[in-house]
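# Coordinate inspection notes
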Amino acid sequence: MSSFYVYLLSSLPMLHFGAKPPFSYARFMELCRAQVPESDAALLEAVDQETGALVLTQPTMRRWVDFDTTLRNELARGRAARLHVEATAYLRQEASVDLSVVHAAQAALRQPSPLDGERMLDEMRWRFLEEAAVGHYFDLDRLVIYALELKILLRWERISVADKARLLDEATTRT
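Report follows, based on the coordinates. Because the structure is predicted, anything quoted here is derived from the model rather than measured.

What follows is about the overall build of the protein chain. Helix and strand content of the protein chain: nine helices and zero strands. Along the protein chain, helices and strands appear, N-terminal first, in the series α-α-α-α-α-α-α-α-α. Here the C-alpha coordinates of the protein chain stretch approximately 50 × 40 × 25 Å along the principal axes. Counting every position in the protein chain, which comprises 175 residues, the buried fraction comes to 40%.

What follows is the structure, given as structure tokens:
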């Protein structure tokens with residue numbers, strides 16, 4: 001039987017790529033724990049790490065992991081080709097190869113700025129999640145998608161507040 005979370009999902013703020021996250025993942029979990037069964041809360045905790053057998057039992061999360069693995073494999077292939085090394089050691093098992101993912105990874109790798117490339121990749125991830133949300137409005141799948149979108153926004157928040165000058169200095173002075 002499906003669980004429906006009309007009140008919870010209706011009360012959460014809308015998320016938009018590039019916007020400031022409305023709250024931390026910990027706060028999101030506080031809101032969820034108050035309104036979802038323990039098993040669904042455990043799944044949402046596992047979504048934060050994107051690992052474990054629990055994550056792979058949830059259909060939307062399984063699709064996300066397959067998509068993200070395909071994307072990461074394409075990035076590994078592209079980077080290995082640039083370095084003239086064999087990519088096999090860096091690849092993970094993937095469900096299928098999607099040409100749109102291949103093209104997006106190649107386009108991201110061609111960006112002159114690594115930050116622009118990362119932005120392109122996260123925009124593609126966001127589009128994947130928006131497509132996965134179709135038909136899911138107040139169920140656990142939509143809550144999982146919300147959690148994944150929140151994680152993307154939180155990542156960009158960490159990037160935007162990072163001391164870039166210090167990070168560049170550290171990266172260039174390592175011996």
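Here we come to the environment of Asp-98. Assignment of secondary structure puts Asp-98 in the loop between helix H5 (59-83) and helix H6 (99-109). Using a relative accessible area of 37% as the deciding quantity, one classes Asp-98 as partly exposed. On a C-alpha basis, the gap between Asp-98 and Arg-77 in space is 14 Å, while along the polypeptide they are 21 residues apart.

Looking now at the packing of helix H2 (residues 25-33) against helix H3 (residues 38-49). At their nearest, the axes of H2 and H3 sit 10 Å apart, and the two run at 170 degrees to each other. As judged from the angle between their axes, H2 and H3 are roughly antiparallel. Residues Tyr-25, Met-29, Cys-32 and Arg-33 of H2 form the contact with H3, whose participating residues are Ala-41, Leu-44, Glu-45, Val-47 and Asp-48. Its residues placed into classes, the contact of H2 with H3 shows six nonpolar, no polar and three charged.

So, about the packing of aromatic side chains. Inspection of every chain in the model, using the stated rule, returns six aromatic pairs. Aromatic pair Phe-28 and Tyr-146: ring centres 5.6 Å apart, planes at 25 degrees, arrangement stacked. Here Phe-28, found in helix H2, pairs with Tyr-146, found in helix H8 (residues 140-161); they are 118 residues apart in sequence, far enough to count as distant. A relative accessible area of 0% places Phe-28 in the buried class. For Tyr-146, a relative accessible area of 4% corresponds to the buried category. Members of the aromatic cluster, each reached through a chain of ring pairs, are Tyr-25, Phe-28 and Tyr-146.

What follows deals with H6. Of the residues making up H6, those classed as buried are Val-101, Val-102, Ala-104, Ala-105, Ala-107, Ala-108 and Leu-109. Residues of H6 that are buried make contact with H5 and helix H7 (114-133).

A separate point is the packing of H2 against H8. In contact at an axis separation of 10 Å, H2 and H8 are set at 160 degrees when each is read in the N-to-C sense. With respect to H8, the axis of H2 lies roughly antiparallel. When the axes of H2 and H8 are compared, the crossing they make is right-handed. Taken together, the residues of H8 that come into contact with H2 (itself represented by Tyr-25, Phe-28 and Cys-32) are Leu-143, Tyr-146, Ala-147, Leu-150, Lys-151 and Leu-154. The class makeup of the residues in the contact of H2 with H8 is eight nonpolar, no polar and one charged.

This brings us to the environment of Val-47. In this structure, Val-47 sits in helix H3. You can call Val-47 buried: its relative accessible area is 0%. In this structure the C-alpha to C-alpha distance between Val-47 and Met-61, which are 14 residues apart in sequence, comes to 7.7 Å. Setting aside residues up to four positions removed in sequence, Val-47 forms contacts with Tyr-25, Val-55, Met-61, Val-144, Ala-147, Leu-148 and Lys-151.

Attention now goes to the nonpolar core. In terms of nonpolar packing, the biggest core is built from 47 residues, with Tyr-25, Phe-28 and Leu-143 touching the most fellow members. Looking at this core, the elements that each hand over two or more residues are helix H1 (6-11), H2, H3, H5, H6, H7 and H8. Among the elements that make up this core, the one with the highest residue count is H8 (twelve residues).

The rules behind each value
Residues numbered from 1 in each chain as written. Predicted model: local features only at pLDDT ≥ 70, side-chain atom pairs only at ≥ 80, totals over all residues. Heavy atoms only, no water. Helix = DSSP H or I, 4+ residues; strand = E, 2+ residues; numbered from the N terminus. Buried < 20%, exposed > 50% of the residue type's maximum accessible area, 1.4 Å probe, protein only. Axes fitted to C-alpha atoms, helices over the stretch in contact; angles between N-to-C directions. Parallel < 35°, antiparallel > 145°, perpendicular 65-115°, else oblique. Contact = heavy atoms within 4.5 Å. Nonpolar A, V, L, I, M, F, W, Y, C, P; charged D, E, K, R; others polar. Phe/Tyr/Trp six-rings, centres within 6.5 Å; stacked < 30°, edge-to-face > 60°. Left-handed = near helix turned anticlockwise from the far one by under 90°. Core = buried A, V, L, I, M, F, W, Y, C linked by side-chain atoms within 4.5 Å.

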